[in-house]
Amino acid sequence: MRPTILLTGRTGQLGSELHRLLPGLGEVIAPDRKEVDLREPEKIRQIMRNVKPQLLVNAAAYTAVDAAETDEANALAVNSEAPLLLAQEAKKLGAMLVHFSTDYVFDGSKKAPYVETDPPVPLNAYGRTKLAGEQAIRSSGADHLIFRTSWVYATQGRNFLLTILRLATEREELKVIDDQIGSPTSAVDLAEATTAILAGMIARAKDQLTLPSVDGIYHMTAADYTTWYEFAKAILEEAASTQQNLPWLTSATKGRPIIARRVLPISTRAFGSPTHRPAYSVLSNARLKEAFGITLPAWRTQLQKCFSPARFPANPPAAVSSR
Ligand SMILES: NC(=O)c1ccc[n+]([C@@H]2O[C@H](COP(=O)([O-])OP(=O)(O)OC[C@H]3O[C@@H](n4cnc5c(N)ncnc54)[C@H](OP(=O)(O)O)[C@@H]3O)[C@@H](O)[C@H]2O)c1
């Protein structure tokens, strides 16, 4: 089976990695926001009916956590209403929907890794809209996989890795939150794991993809956890020790030297963000391992890969056909 795959969010951190990998599994159609704005239901119906995908991978989302506080209607449209419509259309076609959600569906009051059956209690608007999206997909009756992930970063886009590198060229001292615990997860590893799972399902399928179990939520994050403060220190250590000329790093620092000499821990309260975030949002990945035999690498290993030249070969493989 070589399915037709509709991918949304191809310009995002995760979406661009999936756009690189999914052509290995099937014919990929990947409209961007200009082609299909997910706030326009008719556009969604049209693309689903034109493409008739067997597999739908929704990597698009409204991910601006602070902005969502004052723009919840738009966040809801992208994070919940669009996924519902995608799921309903997928059900009509007998297609499977793969969707991504967040650790921010939890309030962080637990002191051990969250499992999929723990009750979600989001603390902020982003988390509420993402939870609404999960619930909408589950209620649609479409075959689905929902991968909850956390603290996503990549060598492009808007994320903590690039912010720390930029700030490190501007300030000698960085203050970074040390009382939020979570699992930084690289879009590369997330996309690789997702693709491996889908490859296994496609290999087993005759003419339709089938799910490993009826409940489609799985946690998919780095295998261990840390704080933003430790993550920031690790980023600067990796940047200081890389001997390579990495184009993404030059772009992140605009070619300027890193002048940061100290990273100081600061509490969430002292940092003063207007948006509530969970103090502890570590997700147990045991169910993912049990169902698919997959464990993502430790967070530091994932980070090191970003600084590895192997990730940016001098002769990249020939482009695979997709649009
Ligand atoms: N980032 C994190 O820290 C994090 C943490 C936990 C879970 N997640 C989840 O992981 C998944 C991937 O996140 P990510 O970090 O890769 O996101 P991202 O980099 O912010 O990318 C979001 C993608 O969605 C697209 N998009 C946004 N609004 C749209 C609209 N109205 N119509 C069409 N496309 C639209 C964006 O298009 P444009 O480029 O045109 O804006 C972009 O391609 C999401 O489900 C997210 O909720 C992310």
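The coordinates are above.
Remember, predicted model here, so these are calculated numbers, not experimental data.

Asks: Would you explain the overall build of the protein chain in this entry?
Replies: Along the protein chain, the regular secondary structure elements total 12 helices and 12 strands. Projected onto its principal axes, the C-alpha coordinates of the protein chain cover approximately 55 × 45 × 40 Å. Every one of the 323 residues in the protein chain was classed for burial, and the buried ones make up 51%. For the protein chain, restricting intrachain contacts to residue pairs at least 6 apart in sequence, the fraction spanning at least 24 positions comes to 82%. For the protein chain, the centre of its 37 positive side-chain charges and the centre of its 33 negative side-chain charges are spaced 3 Å apart.

Asks: Would you mind going over the packing of aromatic side chains with me for this structure?
Replies: When we look at a pair of aromatic rings, we describe it by the centre distance and by the angle of the planes. According to the stated counting rule, one finds 13 aromatic pairs in the structure shown. Their ring planes at 45° and their centres at 6.0 Å tell us that Phe-100 and Phe-147 sit as a pair that is tilted. Residue Phe-100 is located in strand E4 (residues 96-102), and its partner Phe-147 is located in strand E5 (residues 143-149); the two are separated by 47 residues in the primary sequence. When the ring of Phe-231 is compared with that of Trp-299, the centres are 5.8 Å apart and the planes differ by 85°; the resulting orientation is edge-to-face. Placement of the pair is Phe-231 in helix H8 (residues 228-241) and Trp-299 in helix H12 (residues 299-306), with a sequence separation of 68 residues. Exposure class is identical for Phe-231 and Trp-299. Each is buried. Taken together through their ring pairs, the aromatic side chains of Trp-151, Tyr-153, Phe-160, Trp-228, Phe-231 and Trp-299 make up a single cluster.

Asks: What am I meant to see in the nonpolar core here?
Replies: Here is a general trend for soluble globular proteins: nonpolar side chains tend to be buried in one another's company. The biggest cluster of nonpolar side chains holds 40 residues, and the ones touching the most others in it are Leu-161, Val-176, Trp-248, Leu-303 and Phe-307. Per-element tally for this core: the top contributor is H8, with 8 residues. Counting residues in hydrophobic clusters, the runner-up holds 31 residues, among them Leu-22, Val-28, Ala-30 and Ala-191.

Asks: I keep staring at the packing of helix H1 (residues 13-21) against helix H7 (residues 187-204) and nothing clicks. Help me out?
Replies: Running from amino to carboxyl end, H1 crosses H7 at an angle of 45°, the nearest separation of the two axes being 8 Å. Considered as vectors, H1 and H7 are oriented oblique to each other. Crossing geometry of H1 relative to H7 is assigned as right-handed. Note on element contacts: H7 touches H1 through Ala-187, Val-188, Leu-190, Ala-191, Glu-192, Thr-194 and Thr-195, opposite Gln-13, Leu-14, Glu-17, Leu-18, Arg-20 and Leu-21. In terms of residue class, the contact of H1 with H7 is made up of 7 nonpolar, 3 polar and 3 charged.

Parameters at a glance
- Residues numbered from 1 in each chain as written.
- Predicted model: local features only at pLDDT ≥ 70, side-chain atom pairs only at ≥ 80, totals over all residues.
- Heavy atoms only, no water.
- Helix = DSSP H or I, 4+ residues; strand = E, 2+ residues; numbered from the N terminus.
- Buried < 20%, exposed > 50% of the residue type's maximum accessible area, 1.4 Å probe, protein only.
- Contact = heavy atoms within 4.5 Å.
- Lys, Arg positive; Asp, Glu negative; His and termini not counted.
- Charge placed at Lys NZ, Arg CZ, Asp CG, Glu CD.
- Phe/Tyr/Trp six-rings, centres within 6.5 Å; stacked < 30°, edge-to-face > 60°.
- Core = buried A, V, L, I, M, F, W, Y, C linked by side-chain atoms within 4.5 Å.
- Axes fitted to C-alpha atoms, helices over the stretch in contact; angles between N-to-C directions.
- Parallel < 35°, antiparallel > 145°, perpendicular 65-115°, else oblique.
- Left-handed = near helix turned anticlockwise from the far one by under 90°.
- Nonpolar A, V, L, I, M, F, W, Y, C, P; charged D, E, K, R; others polar.

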